[in-house]
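Here are the chains, one letter per residue:
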Amino acid sequence: MKYLTIHSLILRFLIIIGIIIFASTFLTGIYFNKYDEHEKRKDNLYKIHSILSQLIISSLKISDSSEVRRLLSTASSKEEAFLVVDNDRIVTMSDYSQNYFSNFVLKNIKFIQDCNFSMFYKYINNKKYLIHCSILKNNDLFSKNEKLGVLLSFTNYQWQPFSWLMFCFLSMIAFLFFLSIVFFRRILHKRLLEPLIILKNKITNISNEPNTEVSCVKGFNNAPLELIEIKDAFDKLLKSLHDEYCRRMAAEKMQILFDLAVNVAHDIKSPLAVMALSIDEAKSHLPDELVNIFQDAIQSVRDIANNLLSRYRNTEFSVNKVIEEGSQAWPVLIYSLLEKVIHQKKHEWRNNLCDIEFEAEVTCKLIWVNAVPNELRRILSNLLNNAYESLSNYRQIKISLTLIDNMIIISIIDQGCGIPSEKIPFVLNGYSLKHTGKGIGLSSAIKYVESFSGGKFVLTSEQHQGTQVTLKIPYLQNLDWFPDTIILNRKQHIVLLDDDPSIHEFWKNRFRETEITFINFYHSNDFLGWYNSARDRRHEFIFFIDYKLSTDKQNGIDIMKKIQPGRNGYLITSYAEELHFQNIAKELNIWLIPKTILGQISIRFT
Amino acid sequence: MKNFFVFVLILLFLPNVSNSTSVTDPLRVTLQPSVISFDPGGIQDSQSWIVSRQVNCQLVQNLGPNYVLDAAESIKYITPLKIRLKLSPKAKFHDGSPVTSYDVLASLNYIKQSRNILGNLFIWINKIEIIDDQVIIFYLKKQIPQFLRVLSSTNFKILKKDFLIKAKKDKSLWKKPLGCGGYKVSEFNDHFIKLIPVNQGIPIIFYLSKTNQLNADEIKYYDIITINVIGNSKELNNFNIIDTFDPSQFYIGLNAKSKLWKNNNERCEFLSKLDTKNLLASYGNNSIKANDLLPQGVLGYSGAVDVNNTYLSKSSKKSLSKPDLKAPFCLAYLTVSIQEIYKTKYLDMIKKIYPNVVLKPIANVKKFGKIFSKDCDALLFAWRSNYLDGYEYLTMFEDNDANFSGLTNKKLTNQILNSQNLASAESRAKAYRQIIEQIEEQCIVKPLLTIPTRKIYIRKGLNTPDIGLLSIHQYYFGNIARQEDQN
């Protein structure tokens, strides 16, 4: 739709008014020109009468009709006739076929002969004529102004000053002008004022009830372009304001939740400490495996609580950031994440165990995917729950991790009850077969997996045979901070800082058959003391530094920041999957090795 | 039997009474009672002029106040006294032969020799020189501003030289003259004259009225009516009526040699006693009482005089000897002037004075003066102007065959002729007044009534260009056309 601008609206009005003014001026000009012409014609008629009278008198007094007719013929034209009426009522005219003039004269002979009138109009033979008369007097010395007759002229000239026609014309002009004003007022009201009132009402409503559902401003169809632009901008502003309002409301809710979570994290520490102490005391009476699980779980909960608290204490913390992080994706070690989920599920289902068989190719253990960890974890957890719930007699779930064409394939296979083929579309669309309203997990899993570039979610199922769910996710390659292989120069020495002697032993075993020499440190102070002395030769060393030095105040990151080893530095931590650590690694340009896959990373010498 | 054939002939040529009219149907025109003559050497009445205008051509014609060339291709004043006239090669006689200088000269000579009035043109011309077949030069005696005006009057027709020679011997040839106008005579009898166009135009039939009047119901048979229409009829709605200024004046002239009056005073007394009241009434509203020897609108007319008062004053100077009222009174009248229906009115007018009055018609208009003056006491005649000049009315008082008075006055004749040498209209008017005073002194003529205008009824649907500009007898009917949808 083409919109008018205010400028063009005013321009149109000006053009219309201009046309009316021009037309009225033009027509009035014509009128007054005609008026002037008419006055001149009257003057001319007086002159013609005067001259013609003088000429005719001399012929009339000797009754020279031929000459009189010649003179009348000379003065007459198509639109003007002259005639002479003598004292004996004889009419002399140039063309006697115009007998309607002579008839008029003879009918009004007394009036005509008196010639006691000024110019007047009269309809003769269906035409309007201006009639003028002048007395022909013999003005020679001896005649004593004897009257010889009258000279009459009939001028066919349509003119009436201030006639009803002129009145109509002026009325029409005034009416047109009035009409144009009314029209413009209406246009202004409809196109300018009405949209402005709508806009004002909308602003008033929004200011009174900011939480009102935002809808587009309507009723602007005929508004000028400028107002349309204002309206569009206003719509955009309203939407932004509303979104911001909603975000703030959500953030406030989150803040409350987060505060609650922080309180929980804080308050949970004491029971965790009791649980850790109790397990420590009871570990001699429990199987090692169960103790390990308990300890891992307690540590996990403690890590979560600590993480939550540390973030809360961080001065740069904000709820929005947390929310942002909550939906932010970063590199996740898929094998590690899957292994943790499986571990939790095993513990969760310990009372009604099922056989979970997890197979992963070696290469898959070093694969990172760019995902939202919690989301991926939740999805995998839900899928495993689905598989578990479908199990009946044969209680086994097979999980495999394979690499195909730069994609990592996660397969979850159960031999449960399966899904009837006709119900698969419903299941994929979020309907649960067992719990009404809980099937949303599958549809959100599909949506999330397919949000990856090339990501694919495949569900195949056969009733009473089982179900296979396959997640196809692209994986990350050539991460700046993760070494697929540790590359060493045989002349280099490895400097190892870790508070755990078993780690020292692990590295020693891995390099047993090489000529690589180790310089081992258990405390940061010792290391830093040595490092200050060997600073000039630091390019000869490879630094393997643990993040968590339980006996020291400084951690591995603090050390890395001090020595700035660059690509010769390897930070070894269980927190490598956290974005914070990955960012620090990128920032310091060092390598980051998760503790869980230390044994999987190959070593190559140059 | 003879009457029966005449009746059948009339029926055949009666106007078409059918309502529908074709564009080529003849134009039906009425004429007043008249003896139509195509001979320009005689005295033609106005009805003869009307017909003659269609048949004959002239060197130059009138069109209202202007002159238009007819047979002449050009007229140039080489000097004020030398006029070179070249004939148009398109001008041809009805036999197809071209109009030559010799024909023009022969025609002018014929008119000069045959006609004894209106000789003013010839007294102005010193000589006519023929340069070749197409070129003539007029040499004038003096400057005459009105030369072309007179030449353009209806009096100067051109006829073929050979025809004029033959017509001198055989007068019957004038029934079908060899003219050079747009029409030629197809049939000529006492009832109608049929003209057919030479090249273009619609045929014309002129119907000669017996009574000079027509009932309104009868006008449907005609297209142009120049006679009186009596009564009222719806048919009048199909006609336009125009009043052309075409003055004619009726006179009574006295034979000075009559024994009924011994002197001027007795003639004056007789003339002053004439009561024209009933006569005027019979002519209707169109007529007015004449006050001057010249009718109104004619150069020289004076509204200030009244001829009746003049005659009355003259008659009262000396009482009359007892007139012999029982004596027979011969009242002659020109048949071309006085229609039959009005004769009795004139008769009644005279009877009031001389009961034993008898009427005597005079059809020979060429020498009517001479014929009348032999044995009649008074003469009724009418005179119509051709170019509205007083000379046309005074010419009959010259010493010629038209002079009815029996008084010949060389001095008056010279005075009349000499008036034509006056270039100024005002001088001529003064001269006419002096002549009129002398004529009135003789008490030999009295104007009775004037009919200043002539009513012409023109059928609607006829295209008649310029008909109002000139008298009907000067109008060329060949310009008239019928419109397609005319009924």
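Thresholds applied
- Residues numbered from 1 in each chain as written.
- Chains lettered and ligands numbered in written order.
- Predicted model: local features only at pLDDT ≥ 70, side-chain atom pairs only at ≥ 80, totals over all residues.
- Heavy atoms only, no water.
- Contact = heavy atoms within 4.5 Å.
- Buried area = accessible area lost by both parts, 1.4 Å probe.
- Salt bridge = Lys/Arg side-chain N within 4 Å of Asp/Glu carboxyl O.
- Polar contact = N/O pair within 3.5 Å; in protein donor to acceptor, adjacent residues only side chain to side chain.
- Helix = DSSP H or I, 4+ residues; strand = E, 2+ residues; numbered from the N terminus.
- Buried < 20%, exposed > 50% of the residue type's maximum accessible area, 1.4 Å probe, protein only.
- 1 Å grid on protein atoms, 1.4 Å probe; cavity = no way out; pocket = protein on both sides within 12 Å on 5 of 7 lines; lining within 4 Å.
- Points joined across faces, edges and corners; volume = space filled by probe spheres on them.
- Nonpolar A, V, L, I, M, F, W, Y, C, P; charged D, E, K, R; others polar.
- Phe/Tyr/Trp six-rings, centres within 6.5 Å; stacked < 30°, edge-to-face > 60°.
- Lys NZ or Arg CZ within 6 Å of the ring centre and 35° of its normal.
- Pairing = 2+ DSSP bridges.
- Axes fitted to C-alpha atoms, helices over the stretch in contact; angles between N-to-C directions.

**Things to note about the interface of chain B and chain A**
- At the interface, 24 residues of chain B touch 17 residues of chain A.
- When chain B packs against chain A, close to 1,800 Å² is buried across both sides, 53% of that on carbon and sulfur atoms.
- One can count one salt bridge joining chain B with chain A.
- One salt bridge in this structure joins A:Asp64 and B:Arg149, with 3.7 Å as the shortest N-O distance.
- Viewed at the interface, chain A and chain B are joined by 13 residue pairs in polar contact (both at pLDDT 80 or more).
- Elements with a minimum of two residues in the side of chain B that touches chain A: strand E14 (239–254) and helix H14 (425–442) of chain B.

**With respect to the pattern of salt bridges**
Residues and elements named next belong to chain B.
- Overall, the coordinates contain 24 salt bridges over all chains when judged by the stated rule.
- Ionic pairing is found between aspartate 243 and lysine 455, a salt bridge with its closest N-O pair at 3.2 Å. One end of the pair, aspartate 243, is in strand E14; the other, lysine 455, is in strand E19 (residues 445–459), and 212 residues separate them in sequence.
- A relative accessible area of 16% places aspartate 243 in the buried class.
- On the accessibility criterion, lysine 455 (29% relative accessible area) is partly exposed.
- Through salt bridges with shared partners, a single network forms among Arg28, Asp223, Arg459 and Arg482.

**Some thoughts on empty space enclosed by the protein**
All names here are of chain B.
- One pass over the structure, following the stated rule, counts two cavities of 30 Å³ or more.
- Roughly 40 Å³ of internal volume is contained in the second largest cavity.
- Residue lining of the second largest cavity: Leu59, Val104, Ser107, Leu108, Leu151, Phe156, Lys157 and Ile158, and that is the complete set.
- Along the lines of polarity and charge, the residues of the lining of the second largest cavity split into six nonpolar, one polar and one charged.

**A look at the packing of aromatic side chains**
- In the structure shown here, the tally under the stated rule is 54 aromatic pairs over all chains.
- Relative to B:Phe245, the ring of A:Tyr96 lies with its centre 6.4 Å away and its plane at 15°, an arrangement referred to as stacked. With one member in each of two chains, A:Tyr96 in the loop between strand E2 (91–93) and helix H3 (99–107) and B:Phe245 in strand E14 form a pair that bridges those chains.
- By way of ring pairs, the aromatic residues A:Phe506, A:Trp507, A:Phe511, A:Phe518, A:Phe544, A:Tyr570, A:Trp591 and A:Phe605 are connected into one cluster.
- When the ring centre of A:Trp591 is taken as origin, the NZ or CZ atom of A:Arg567, which lies over that ring, is 3.6 Å away.

**Brief notes about the layout of surface pockets**
- In this structure, the second largest pocket spans a volume of roughly 930 Å³.
- Taken together, 33 residues line the second largest pocket, and the ones lying closest to its centre are A:Lys61, A:Ile62, B:Tyr301, B:Ser302 and B:Gly303.
- Every element with two or more residues in the lining of the second largest pocket is listed here: helix H2 (65–75) and strand E5 (146–156) of chain A together with H14 of chain B.
- Per-element accounting of the lining of the second largest pocket gives the leading share, six residues, to H14(B).
- When the residues that make up the lining of the second largest pocket are grouped by side-chain class, the tally is 11 nonpolar, 11 polar and 11 charged.

**Focus on the sheet that holds strand E10 (residues 407–414) of chain A**
Residues and elements named next belong to chain A.
- The mixed open sheet is built from five strands, whose spatial order is E7-E9-E10-E12-E11. Across the chains shown, the open sheet's two edge strands, defined by having one partner strand only, are strand E7 (355–360) and strand E11 (456–462). In this sheet, adjacent strand axes meet at a mean angle of 10° when their direction is disregarded.
- Relative to strand E12 (residues 466–474), E11 runs antiparallel, the two being bridged by seven bridges. Across the sheet, the residue bridging to serine 461 is threonine 467, located in E12.
- On top of the sheet, helix H9 (residues 334–348) reaches E7, strand E9 (396–404) and E10; it is set at about 170° to E7, its chief contact.
- Helix H10 (residues 373–390) rests against E9, E10, E11 and E12 of the sheet, and its axis sits at about 25° to E10.

**Comments concerning unusual backbone geometry**
Residues and elements named next belong to chain A.
- Unlike most non-glycine residues, asparagine 406 shows phi in positive territory, near 60°.
- Positionally, asparagine 406 belongs in the loop between E9 and E10.
- By relative accessible area, which is 45% here, asparagine 406 ends up partly exposed.

**Details of the sheet that holds strand E4 (residues 127–138) of chain A**
Residue and element names in this part refer to chain A.
- On the basis of which strands lie adjacent, the open sheet formed by five strands has the order E2-E1-E5-E4-E3 and antiparallel pairing. Each having just a single partner strand, E2 and strand E3 (120–124) make up the two edges of the open sheet. Taking the axes of each pair of neighbouring strands and ignoring which way they run, one obtains an average angle of 35° across the sheet.
- Strand direction decides the pairing type here: strand E1 (residues 80–86) and E2, joined by three bridges, are antiparallel. Its bridge partner being in E2, valine 85 is matched across the sheet by valine 91.
- Packed onto the sheet, helix H1 (residues 6–60) meets E1, E3, E4 and E5 and runs at close to 40° relative to E4.
- On the sheet, H2 packs against E1, E2 and E5 and is oriented at approximately 155° with respect to E1.

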